[in-house]
Amino acid sequence: MVLRKLDYGESDRIYTLLTREHGKVGVLARGVRRTTSRLASALELFSLVDVQLAKGRNLDVVVQAVRLPGPRVEADVERTAHAGLIAELADRVSEERHPLEGIYELTVVALAELAREAEPRRASAYYVMVALDLLGYAPQISACASCGRPLPAASAAFSPVAGGFLCENCAQPGMHLVSVSVLKVLRLMASGDIGLYRRLKLDAELMREVEMVLEAQLEHHLERQLRSLKFLRQMRAHA
Ligand SMILES: [Zn+2]
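(A) Focus on the sheet that holds strand 6 (residues 156-159). Here three strands make up an open sheet; going across it, the order is 7-6-8 and the pairing antiparallel. Both edges of this open sheet fall to strand 7 (164-166) and strand 8 (177-178), since each of them pairs with a single strand only. Pairing between strand 6 and strand 7: three bridges, direction antiparallel. Residue pairing across strands places Phe158 opposite Phe165, the latter belonging to strand 7.

(B) Up close: the pairing of strand 4 (residues 49-54). Alignment of strand 4 against strand 5 (residues 60-67), held across six bridges, turns out to be antiparallel. Residue pairing for strand 5: Ala54 is matched across the bridge by Val61.

(C) Broad picture of helix 7 (residues 204-221). Given a rise of 1.5 Å per residue, 18 residues ought to cover 26 Å, and the 26 Å separating the end C-alpha atoms of helix 7 matches this to within 8%. Those residues of helix 7 not exposed but buried are Val210, Val213, Leu214, Gln217 and Leu218. An end-on view of helix 7 places all buried positions within 125° of arc, on one side of the element. Exposed residues pointing more than 90 degrees away from the buried face of helix 7 are listed as Ala204 and Glu205.

Conventions adopted
- Residues numbered from 1 in each chain as written.
- Predicted model: local features only at pLDDT ≥ 70, side-chain atom pairs only at ≥ 80, totals over all residues.
- Pairing = 2+ DSSP bridges.
- Helix = DSSP H or I, 4+ residues; strand = E, 2+ residues; numbered from the N terminus.
- Expected span 1.5 Å × (residues − 1).
- Buried ≥ 20, exposed ≤ 12 C-beta atoms within 10 Å, placed from the backbone.
- Arc of directions from axis to C-beta.

Following this line, the structure appears as structure tokens:
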């Protein structure tokens, strides 16, 4: 899957690919910015490709690339911005030449979901939750992140520093409370049942709260801010 591209030299480009078996791989595509290049259309961002590589001096060089059938997301600005978040996160957590269990499969599923989903925010929120879970960074959603007691069916304070939700006794006064519906949505996402998640009704306020929790958790665990997330926030602010 094509995660990223970077212009290089006169007419070349460096692509970051996410592969099933080799983790993240940086490759050089020579002459790809020339109008006569056949590689460019195959190597579109967020697409699935079958590539043949030749050993290069630093980076492997693309010899052939065939785009595989699959959804296209690039026609729509909002969808593309969410695909950017999915790709940036996949890029950030993956290691060169070292596959991270499940991240390739999840990224492929999430981008397909993004293409078919009428509301793109739903697909990217799902991806962030399952990716956090794969990385071992998922927020605690069943028991209090501080004392470990089961969380009651009530609104709860969320603390990325504590690692999840806090019960009434452990929450500090003035902490922002998140509705119990948010907990239910997060639990459903964590179960990985995308069929059930698709049928779930998420109104604008609930979606906003779910995003807020996931983004706070994500940013707590990443050293640098995600550029795509900054862009999505600007987009939301102007919507
Ligand atoms: Zn507690």
